[in-house]
Amino acid sequence: ENHLINTSCSEFCTTRCVLIFICSTPASVGRFLINSCYNACVNPILSSNRSLHSPRNPLGFVLALITISLTTTALFPVRQELNTSTISQLYLIPVLISTILWGLWPGVFSAFTAFLAYNFFFIQPYYTFTVHNPQDIVALLIFLVVAVVISQLVGRTRSGLAAAVARENETIHL
């Protein structure tokens, strides 16, 4: 197994899958394969980003702000061609990315930042936080609720995953 450490994640998981399939019973194959692939591929990624998930670490918030800024920069030239509902849906992508990569609070921060950028740059009158059309107020509020709920759900899922892995590791070491 030492030669497997230097291979990529996919090669490791594929090699382990073949070895397990040949040498194991079907009931334990899936569980062992999932644990092996998770420990080899996913766990290092999560643990390397763990310091960014601290609410006290400003780097996650800065990176979330950068993703919203990049999204705004990309969408601004085509704002006349896109519907405001399409723009709001496209803003959900960096909110989701921020929550997955940097944690719950940077995700919530990116949701509020996206809400403000969406209102300021894409809702008429432009370059103000004033909204004249009642439909736009409803669209803004729905966007904000959806973005925050997505951040909450992804954050809770990540926390649940981390707790489950911790319990599993504790059970294995007993």
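Scroll up a little and you will see the structure.
Let me sum up the structure you'll find in this document. These numbers come from a predicted model, not from an experiment. (Residues numbered from 1 in each chain as written. Predicted model: local features only at pLDDT ≥ 70, side-chain atom pairs only at ≥ 80, totals over all residues. Heavy atoms only, no water.)

Quick notes on the nonpolar core
Piece 1. Among the nonpolar cores identified, the biggest contains 19 residues, and Tyr91, Tyr118 and Phe143 are the most heavily contacted of them.
Piece 2. Of all elements in the fold, only helix 4 (58-75), helix 5 (84-102), helix 6 (104-122) and helix 7 (134-173) reach the threshold of two or more residues within this core.
Piece 3. With near-sequence residues (within four places) excluded, Tyr118 lies in contact with Thr84, Ser85, Ile87, Ser88, Tyr91, Ile123, Ala139, Leu140 and Phe143. (Core = buried A, V, L, I, M, F, W, Y, C linked by side-chain atoms within 4.5 Å. Buried < 20%, exposed > 50% of the residue type's maximum accessible area, 1.4 Å probe, protein only. Helix = DSSP H or I, 4+ residues; strand = E, 2+ residues; numbered from the N terminus. Contact = heavy atoms within 4.5 Å.)

What to know about a nonpolar patch on the surface
Piece 1. A cluster of nonpolar side chains, contributed by Leu90, Ile93, Leu96, Ile97, Ile100 and Leu101, occupies part of the molecular surface with about 440 Å² of accessible area.
Piece 2. Turning to its location among the elements, Leu101 is positioned in helix 5.
Piece 3. Looking at Leu101, the relative accessible area reads 34%, which means it is partly exposed. (Patch = residues over 30% accessible without salt bridge, like charges linked within 9 Å, V, L, I, M, F, W, Y side chains within 5 Å. Areas by Shrake-Rupley, 256 points an atom, 1.4 Å probe, with all protein chains shown as cover. Salt bridge = Lys/Arg side-chain N within 4 Å of Asp/Glu carboxyl O.)

Considering the environment of Val154
Piece 1. Take Val154: it is sitting in helix 7.
Piece 2. Take Val154: its relative accessible area is 17%, and that puts it in the buried class.
Piece 3. Once the C-alpha coordinates of Val154 and Gly107 are considered, the two residues, 47 residues apart in sequence, prove to be 9.0 Å apart.
Piece 4. Setting aside its immediate chain neighbours within four residues, Val154 contacts Leu96, Thr99 and Ile100.

Details of unusual backbone geometry
Piece 1. Here the amide bond leading from Gln124 into Pro125 is cis, since omega sits at 0 degrees, within 30 degrees of zero.
Piece 2. Mapping Pro125 onto the fold places it in the loop between helix 6 and helix 7.

As for the side chain of Ser88
Piece 1. With respect to the helices and strands, Ser88 occurs in helix 5.
Piece 2. You can call Ser88 buried: its relative accessible area is 12%.
Piece 3. Only 2.8 Å separates the side chain of Ser88 from the backbone oxygen of Ser85, close enough to count as a polar contact.
Piece 4. With residues up to four places along the chain from it excluded, the contact list for Ser88 reads Tyr118 and Phe143. (Polar contact = N/O pair within 3.5 Å; in protein donor to acceptor, adjacent residues only side chain to side chain.)

Structural notes on the packing of aromatic side chains
Piece 1. Counted under the stated rule, the structure contains 11 aromatic pairs.
Piece 2. Measuring from centroid to centroid gives 5.6 Å for Phe61 and Phe109, while their planes differ by 75 degrees, and the two rings are edge-to-face. Taken together, the positions of Phe61 in helix 4 and Phe109 in helix 6 put the pair 48 residues apart, joining distant regions of the chain.
Piece 3. Chaining the aromatic ring pairs together yields one cluster made of Phe76, Phe120, Phe121, Tyr126, Tyr127 and Phe129.
Piece 4. Here Arg79 stacks its cationic end above the ring of Tyr126, 3.6 Å away from the centre of that ring. (Phe/Tyr/Trp six-rings, centres within 6.5 Å; stacked < 30°, edge-to-face > 60°. Lys NZ or Arg CZ within 6 Å of the ring centre and 35° of its normal.)

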